[in-house]
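Analysis of the macromolecular model
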Amino acid sequence: MTDDVDDKLAKIKEAQEYFKAKEKDSVDTGKTISNTLVDKFSWLQGDIQKRIKIDQNSLGESVISDKQNFRQTEISSIFVPGSSIYLNSKGAEKSGIKNIFTRGFRALDSSAWQTYIKEGFNIIQSTGAADIKFEDMFDRWWLIKSITNYDITVTSFSLNTTTRLPNVILVEPDYVSIRYPSEEDLNMCEKYGYSSTITQADLMNKLAKAFGQKI
């Protein structure tokens, strides 16, 4: 029994170190949500931020709607457990009243976006993690553990914390990037213990749905 526990702990440690290192990868190792919608979900190119609306379809599923081109994409197809998201601090830098003369109401949209991210930060603060700052939410790859119709649960191994972010962070699709998991990423998710709630088959089915193809 001791050997089994030691083996389990060794696998968890291996996964932690693996994902901790990957958090430091460049934002260019993934794609913005805007580019993902174009490349993977056949949205038309252009200023997607002006066209999107977070909505629900007739089945009550959360979706991103293209208001101009009458297209919908389920958020559960974009946020795949085992993938990672990156919140780009450039979006925060361009927000607020100080930028309204150069960006117009887009600057206020970015301020709202930060408010959604603060929901996740407030959850972290409620755990007593006073050493984690709001700025730490940005410019790192957060591993997506699970999704619901309204939010995603994400983990940072370098910060040693887990929190929830509302799906409406997608309102700034140029400043949220996603990186879909490799086979090694999925194996490390299993080693870490996500397999108790996320099966390999479920992960692969969600990936197939996201990529619009059989895997």
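The structure contained in this document is the topic of the report that follows. These figures come from a predicted structure and were not determined experimentally.

What follows concerns the pattern of salt bridges. It is possible for side chains bearing opposite charge to pair when their charged atoms get close. In total, this model carries nine salt bridges according to the counting rule given. The partner of D66 in a salt bridge is R51, and the shortest N-O contact between them spans 2.7 Å. You can see D66 sitting in strand β3 (residues 62-66) and its partner R51 sitting in helix α3 (residues 48-51), a full 15 residues away along the chain. The same class applies to D66 and to R51, which are both buried. One salt bridge connects R164 with D151, and the closest N-O pair in it is separated by 3.8 Å.

Attention now moves to the sheet that holds β3. Strands sit in the order β2-β3-β4 across an open sheet of three strands; the sheet is antiparallel. Strand pairing shows two members of the sheet lacking a second neighbour, β2 (52-56) and β4 (71-74), which therefore form its edges. The average angle at which neighbouring strand axes cross in this sheet is 30°, direction not considered. As judged from the four bridges shared by β3 and β4, these two strands associate in the antiparallel manner. Considered in β4, the bridge of S65 is made with Q72.

What follows concerns the environment of K20. Checked against the element boundaries, K20 lands in helix α1 (residues 2-22). A residue is classified by how much of its surface remains accessible, and K20, at 31% relative accessible area, is partly exposed. Considered as a pair, K20 and W141 are 121 residues apart in the sequence and their alpha carbons are 9.0 Å apart. Every residue in contact with K20, bar those within four places of it in the chain, is listed here: F157 and S158.

What counts and how
- Within any chain, residue numbers begin from 1 and follow the written order of that chain's sequence.
- In view of the model being predicted, local features appear only for residues whose pLDDT reaches at least 70, and side-chain atom pairs are presented and counted only at 80 or more, with totals across whole chains, interfaces and linings using the full set of residues.
- Processing note: side-chain calculations cover all non-hydrogen atoms of the structure and skip hydrogens and water entirely.
- Salt bridges are identified by distance alone: a Lys or Arg side-chain nitrogen within 4 Å of an Asp or Glu carboxyl oxygen.
- Secondary structure counts use DSSP, requiring at least four H or I residues in a row for a helix and at least two E residues in a row for a strand, with both numbered from the N terminus.
- Each residue is placed in one exposure class: buried if its accessible area under a 1.4 Å probe, protein chains only, is under 20% of its type's maximum, exposed if it is over 50%, and partly exposed if it falls in between.
- Between any two strands, at least two bridges found by DSSP are needed for them to pair.
- In this analysis an axis means a line fitted to C-alpha atoms, helices contributing only their contacting stretch, and an angle means the value between N-to-C directions, from 0 to 180 degrees.
- Note on contacts: a residue pair is in contact if any heavy atoms of the two residues lie within 4.5 Å.

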